[in-house]
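Residues per chain, in single letters:
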Amino acid sequence: MRNHKLVSGKNHSLGSKEHLLNLRRVCRYLLLVCTSMLLLLLAWGAISGGLQQLPRSRTIGQLTETAFQLAGGLLSLLVVLTCFRMRRWAHPVRIAWTIVMVTAAGLSSVVWGNSPPLTGILLVFGALIVVLSIQWALRISLAN
């Protein structure tokens with residue numbers, strides 16, 4: 001039996017490596033697109049929800065949570081922007097976004113729903129998992 005590599009004169013292992021690199025590049029691009037769309041959807045929900053609840057905010061806690069929600073929406077837009085432009089600001093924007101989103105999640109049920117503080121703490125951990133997952137997806141999709 002003849003060796004196919006020698007007959008064709010090509011090294012097929014190089015072609016498969018190039019194919020694998022192209023597949024990785026496509027997967028990272030799709031991950032970036034999906035994550036960016038999720039962030040834009042999150043920005044839309046946070047900003048529109050914050051603007052709707054702003055007139056209904058009666059207490060300092062409600063005003064604070066609404067401000068964090070609006071800031072989270074704006075920072076979500078900035079996270080997407082810093083993926084493509086102003087990359088040197090990406091890290092500080094993502095840190096601020098993480099802090100703001102987790103804080104808004106923790107405050108929301110306590111100041112709007114009169115829930116016990118334990119519910120707010122559980123929401124903080126849930127939001128932290130979601131935010132860190134989004135950050136992980138961004139880090140993977142933007143890796144060289």
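Since the structure is predicted, the reported quantities are computational estimates derived from the model, not experimental observations.

A.B. asks: Break down the overall build of the protein for me, with residues and values.
C.D. replies: In terms of regular secondary structure, the protein is built from five helices and zero strands. Going through the 144 residues of the protein one by one, you find that 32% of them count as buried. Sequence separation of at least 24 residues holds for 66% of the intrachain contacts in the protein that already meet a minimum separation of 6. As presented, the protein carries roughly 9,800 Å² of accessible surface, and 70% of it is formed by carbon and sulfur atoms.

A.B. asks: Requested: an account of the nonpolar core, with residues and values cited.
C.D. replies: Counting residues in each nonpolar core, the largest one holds 14 residues, and the members touching the most others are Leu39, Val79, Trp97 and Leu138. Those elements that provide at least two residues to this core are α2 (12-53), α3 (60-84), α4 (90-113) and α5 (117-141). Contact partners of tryptophan 97, with chain neighbours within four places excluded, come to Leu39, Leu42, Gly72, Leu75, Ser76, Val79, Val131, Ile134 and Gln135.

A.B. asks: Give a detailed account of the packing of α4 against α5, specifying residues and quantitative values.
C.D. replies: At a minimum axis separation of 8 Å, α4 and α5 run at an interaxial angle of 150°. One finds that α4 runs roughly antiparallel with respect to α5. In the crossing of α4 with α5, the sense of the turn from one axis to the other is right-handed. Along its contact with α4, which presents Arg94, Trp97, Thr98, Met101, Val102, Ala105, Gly106, Ser109 and Val110, the element α5 presents Pro117, Thr119, Gly120, Leu123, Val124, Ala127, Leu128, Val131, Ile134, Gln135 and Leu138. Within the contact of α4 with α5, the residues separate by chemical class into 13 nonpolar, six polar and one charged.

A.B. asks: Just give me the short version of a nonpolar patch on the surface, but keep the residues and values in it.
C.D. replies: Side chains of Val26, Tyr29, Leu30, Val33, Met37, Leu40, Leu74 and Leu77 sit close together on the surface and give an oily, nonpolar patch of about 750 Å² of accessible area. At the level of secondary structure, the elements contributing two or more residues to the nonpolar patch comprise α2 and α3. Broken down by element, the nonpolar patch gets its largest block of residues, six residues, from α2.

A.B. asks: Hey, could you go over the side chain of threonine 66 for me, with residue numbers and the actual values?
C.D. replies: Looking at where threonine 66 falls in the secondary structure, it is placed in helix α3. Look at threonine 66 and you get buried, because its relative accessible area is 0%. Excluding its chain neighbours within four sequence positions, the residues that come into contact with threonine 66 are Gly50, Gln53, Leu54, Ser57 and Trp112.

A.B. asks: Which residues make up unusual backbone geometry, and what values do they have?
C.D. replies: With phi around 50°, methionine 86 is a residue other than glycine that occupies positive phi space. You can see methionine 86 is positioned in the loop between α3 and α4. Its identity as a non-glycine residue notwithstanding, asparagine 114 has a phi of 55°, on the positive side. Mapped onto the elements, asparagine 114 comes out in the loop between α4 and α5.

Rules and cut-offs
- Residues numbered from 1 in each chain as written.
- Predicted model: local features only at pLDDT ≥ 70, side-chain atom pairs only at ≥ 80, totals over all residues.
- Heavy atoms only, no water.
- Helix = DSSP H or I, 4+ residues; strand = E, 2+ residues; numbered from the N terminus.
- Buried < 20%, exposed > 50% of the residue type's maximum accessible area, 1.4 Å probe, protein only.
- Contact = heavy atoms within 4.5 Å.
- Areas by Shrake-Rupley, 256 points an atom, 1.4 Å probe, with all protein chains shown as cover.
- Core = buried A, V, L, I, M, F, W, Y, C linked by side-chain atoms within 4.5 Å.
- Axes fitted to C-alpha atoms, helices over the stretch in contact; angles between N-to-C directions.
- Parallel < 35°, antiparallel > 145°, perpendicular 65-115°, else oblique.
- Left-handed = near helix turned anticlockwise from the far one by under 90°.
- Nonpolar A, V, L, I, M, F, W, Y, C, P; charged D, E, K, R; others polar.
- Patch = residues over 30% accessible without salt bridge, like charges linked within 9 Å, V, L, I, M, F, W, Y side chains within 5 Å.
- Salt bridge = Lys/Arg side-chain N within 4 Å of Asp/Glu carboxyl O.

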